[in-house]
Amino acid sequence: MYNNFKILYHQGKQFIPDVTTAKVPGIFRGRPIISKVEIDENKLLALCPVDAISLKPVSIDLGKCTFCGECAIRFPEKIQFSTDYKISTNERDNLIVSEGDDTPIGINPAKVRTEIHKLFKQSLKLRQVSAGGDNSCEWELNAANNVQFDMGRFGIEFVASPRHADGIVITGPITENMAEPLQICYDATPDPKIIVLVGTDAISGGIFAGSEALNRSFLDKYPVDLYIPGNPAHPLTIINGLLDLTRKVKG
Ligand code: SF4
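Since this is a predicted model, take the numbers as computed values, not measurements.

### Points about the nonpolar core
Okay, so step 1: Membership of the largest hydrophobic core comes to 56 residues, with the highest contact counts inside it found for I170, V198 and I239.
Okay, so step 2: Considering each element in turn, this core owes the most residues, six residues, to helix α9 (residues 235-247).
Okay, so step 3: Domain assignment of the residues forming this core places at least three in each of domain 1 (32-98) and domain 2 (109-247).
Okay, so step 4: Once residues within four sequence positions are removed from consideration, V198 is found in contact with C137, L141, V169, I170, T171, I228, A233 and I238.

### So, the site of the ligand
Okay, so step 1: Lining the immediate surroundings of the ligand are 14 residues, of which C48, A52, C65, C68 and C71 lie closest.
Okay, so step 2: The residue inventory of the shell around the ligand, partitioned by class, reads 11 nonpolar, two polar and one charged.

### Points about the pairing of strand β6 (residues 124-130)
Okay, so step 1: For β6, the tally of buried residues reaches six of seven residues, placing the bulk of the element in the interior.
Okay, so step 2: Both β6 and strand β7 (residues 156-158) contribute to a ladder of three bridges, which runs parallel. Opposite K125, over in β7, you have E157 as the bridge partner.
Okay, so step 3: Remark: the β6/helix α5 (residues 136-144)/β7 crossover connection has right-handed handedness.

### A short note on helix α1 (residues 2-11)
Each α-helix turn comprises 3.6 residues. Residues three or four places apart therefore point the same way.
Okay, so step 1: Counting buried residues in α1 gives zero out of 10 residues, a small share hidden from the surface.
Okay, so step 2: Looking one or two places after α1, you find G12, whose phi comes out positive at around 70°.

### What to know about the sheet that holds strand β3 (residues 59-61)
Okay, so step 1: Reading across the sheet, the three strands line up as β2-β3-β5 and stay open at both edges, with antiparallel pairing between neighbours. Bordering the open sheet on either side are β2 (53-54) and β5 (96-98), each of which pairs with just one other strand.
Okay, so step 2: Where β3 and β5 come together, three bridges link them in antiparallel fashion. Bridge assignment links D61 to a residue of β5, and that residue is I96.

### Side note on the domain arrangement of the chain
Okay, so step 1: Taken domain by domain, the chain consists of domain 1 (32-98) and domain 2 (109-247).
Okay, so step 2: A straight line from the C-alpha centre of domain 1 to that of domain 2 covers 24 Å.
Okay, so step 3: In this assembly, 17 residues from domain 1 lie in contact with 21 residues from domain 2.
Okay, so step 4: Counted by class, the side of domain 1 that touches domain 2 contains eight nonpolar, five polar and four charged residues.

### Examining the packing of α5 against α9
Okay, so step 1: Close contact between α5 and α9 brings their axes to 8 Å; oriented N to C, the two are set at 65°. Here α5 is positioned roughly perpendicular relative to α9, judged by the angle of their axes. Judged by the sense of rotation from one axis to the other, the crossing of α5 with α9 is right-handed. The residues of α9 that touch α5, namely those facing E140, L141, A143 and A144, are P235, I238 and I239.
Okay, so step 2: When grouped by side-chain class, the residues that make up the contact of α5 with α9 number six nonpolar, no polar and one charged.

### Overview of unusual backbone geometry
Okay, so step 1: In this structure, the amide linkage connecting D191 to the following residue, P192, adopts the cis form with an omega of -10°.
Okay, so step 2: Inspection of the secondary structure puts P192 in the loop between α6 (176-188) and β9 (194-198).
Okay, so step 3: Omega for the bond connecting N231 with P232 falls within 30 degrees of zero, at 5°, which places this linkage in the cis form.
Okay, so step 4: For P232, the location among the structural elements is in the loop between β10 (226-228) and α9.
Okay, so step 5: Within the chain, D51 stands out as a residue other than glycine whose phi angle is a positive 55°.
Okay, so step 6: Phi at I174 is positive, roughly 65°, even though this residue is not glycine.

The rules behind the values
- Residues numbered from 1 in each chain as written.
- Predicted model: local features only at pLDDT ≥ 70, side-chain atom pairs only at ≥ 80, totals over all residues.
- Core = buried A, V, L, I, M, F, W, Y, C linked by C-beta atoms within 7 Å.
- Buried ≥ 20, exposed ≤ 12 C-beta atoms within 10 Å, placed from the backbone.
- Helix = DSSP H or I, 4+ residues; strand = E, 2+ residues; numbered from the N terminus.
- Domains from an automatic or database assignment.
- Contact = placed C-beta atoms within 7 Å.
- Near = placed C-beta within 6 Å.
- Nonpolar A, V, L, I, M, F, W, Y, C, P; charged D, E, K, R; others polar.
- Pairing = 2+ DSSP bridges.
- Right-handed = clockwise from strand over helix to strand, strands pointing away.
- Axes fitted to C-alpha atoms, helices over the stretch in contact; angles between N-to-C directions.
- Parallel < 35°, antiparallel > 145°, perpendicular 65-115°, else oblique.
- Left-handed = near helix turned anticlockwise from the far one by under 90°.

Here's what the structure looks like:
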């Protein structure tokens, strides 16, 4: 018994008391900060493997970015990645960060459907669909529910059946083979329901964008309620995004 107490004492707290203010290590790549320093912009443009960088002004689309860090390594005077993990939003355009713009990324309350706050504020059950995912975002979604991040304390949990869900969480670039199962899952989820995209692959197709093996027509049919970027998305990005969407918690 004494040994058990000793182990518990040395382990300390297993959970993060406040997931809205938690700090992450400096190596984490969150919201980029782009300075107005002049560089050879064409070289910057050419090095991005997923065309996430645009010019005039220099900007990075976090919906496409794989967070490989190459641009920040090659042009540290121009681009740095901060540890700000609160980068989820309900507006696709908010994922585009431009030079000189240090506005935090967040939810636009005016664009949140009224039933989301009304019905899902206390409890939100989600069905996860890995639509050609590589299991990285799926792991992070699992981690969001572990004892450390403990998303369940906010009443946000994953369920096995779409019939018990309030919405679907999509990971992966949506392959042709997963297009129909995704549609079946969506149809089986009762209204009103939300759609959440987690990770670069789900938001833009990522490195698979434009591939004939994808069928992303599902996203043309329904509005997306929340974009959670990352490659993979961090559990704190996931939890804060869902909290901000459902509970009006400011980031
Ligand atoms: S970190 Fe993002 S924007 Fe920079 S090179 Fe990699 S994919 Fe492109």
